[in-house]
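# Summary of the model geometry
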Amino acid sequence: MKLFLHCGHDKTGSSFLQSSIANSISILESSGIHYPSNSKIISAREGKISSGNAGLFFEGLDSFSDFKTESVLASGEKLFRLLPDPEYREKLFNFIDRFNVESVEILLFVRDPLEHISSSYQQSVKRGGYTGEISEFVSQYRHTKKVSDFVKFCVSSKFNLSVYNYSNVKSDLIGVFEEWLGIDRGTLVIPDMSVINRSLSLAELEFQKVVNSYFGREGAVVADALCQECPEVKSDIILLDEDSQRELVRRVSPFCQYVNSIVSPDGPGVYNLDVAKVEKTDDVFTFSKKQIATIAKALSSTIKK
């Protein structure tokens, strides 16, 4: 048997991929690939924010036992964070032994650190209750080390590892995913919503930080509503100042260089570390009527609870 593990990482189109998978479960079965699911996972068909089926992989191995296909697929950003941990590593290898897995195929999408820190900061504001500025958030950033550790884990485990820079392939994300699975391009059913779990606009981000100062993590109900009900709103990239960018590049370079050496020993690698020019922005923010209605509805339901 072959085990396919799509491991994220975060902010690399995972929700969009998981919605496509949820739309294509029976098609995948006919292609010899089993994707264990439950009602929550299947709800991703509607374009809702999804965490994939990684929880089933670790918490309910029985969900993976009733299949007649040659391959099994698990997808979840949490796999990237959990697999190197000794507890979950043991669960993985127990699964490999139990089902006589002959090969483990790992798919990892990464993002350039200077781009990813913007998305990571956004996610902390969106769903983590964060209220600070990105200049404060940068000291917490350890993501490229985690990527490096994950790659080391895959190499030491002799897994077949495929790594792509999301920024380079996001326009062909489904095609890359299908090729990795070994199925024909055009097999998966793409959800009606082309943008799932988007980042916030600058106005939404500033508003969300104020909401978080009153509601904490529960304030995420506002950001979730905006992303699901107003997918057409253009997201904004929040950049570090140029000196801070250079300092971050200095910190993450050793980890990026290691990953590049493994993924592309004789090529350019997957990471780009160019410093971006920062444009000044003003403090005037605007919302559409639809955004205002969405915010009011989300806050109303939270206050009632």
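The structure this text deals with has already been given above.
Residues numbered from 1 in each chain as written. Predicted model: local features only at pLDDT ≥ 70, side-chain atom pairs only at ≥ 80, totals over all residues. Heavy atoms only, no water.

We now examine the sheet that holds strand E1 (residues 2-6). The strand order across the open sheet built from five strands is E2-E3-E1-E4-E5, with neighbouring strands paired in parallel fashion. Two strands bound the open sheet, and with one partner strand each, they are strand E2 (33-34) and strand E5 (160-165). Direction of pairing for E1 relative to strand E4 (residues 103-110): parallel, over a ladder of five bridges. Residue pairing across strands places Phe4 opposite Glu105, the latter belonging to E4. The sheet contacts of helix H1 (residues 14-22) involve E1, strand E3 (71-75) and E4, and relative to E3 the element is tilted by about 140°. (Pairing = 2+ DSSP bridges. Helix = DSSP H or I, 4+ residues; strand = E, 2+ residues; numbered from the N terminus. Contact = heavy atoms within 4.5 Å. Axes fitted to C-alpha atoms, helices over the stretch in contact; angles between N-to-C directions.)

If you look at the biggest cluster of nonpolar residues, it comprises 52 residues, and the most contacted ones within it are Leu5, Phe57, Leu79, Leu83, Leu92 and Phe150. If you look at the next biggest cluster of nonpolar residues, it comprises 24 residues, including Phe4, Leu56, Phe109 and Tyr166. (Core = buried A, V, L, I, M, F, W, Y, C linked by side-chain atoms within 4.5 Å. Buried < 20%, exposed > 50% of the residue type's maximum accessible area, 1.4 Å probe, protein only.)

Right, let's get into the packing of aromatic side chains. What describes a pair of aromatic rings is the distance from one ring centre to the other and the angle between the planes of the rings. The tally for this structure, following the rule as stated, stands at twelve aromatic pairs. Considering the side-chain rings of Phe150 and Phe153, the 6.3 Å spacing of their centres and the 45° angle between planes classify their relative orientation as tilted. Linking Phe150 with Phe153, this pair stays in helix H9 (residues 143-156), spanning three residues, or about one helical turn. Residue classification places Phe150 among the buried positions, given a relative accessible area of 0%. (Phe/Tyr/Trp six-rings, centres within 6.5 Å; stacked < 30°, edge-to-face > 60°.)

So, about the side chain of His9. With respect to the helices and strands, His9 occurs in the loop between E1 and H1. Setting aside its immediate chain neighbours within four residues, His9 contacts Ser14, Glu77, Phe80, Leu108, Phe109, Val110, Arg111, His116, His143 and Val147.

Okay, the pairing of E3 next. With five of five residues buried, E3 is to be regarded as a mostly interior element. Alternating positions in E3 separate into two faces, Ser71, Leu73 and Ser75 on one and Val72 and Ala74 on the other, with burial throughout. Here E1 pairs with E3 via five bridges, running parallel. Directly across from Phe4, in E3, lies its bridge partner Leu73. Bridging between E2 and E3 involves two bridges; their strand directions are parallel. Considered in E3, the bridge of His34 is made with Val72.

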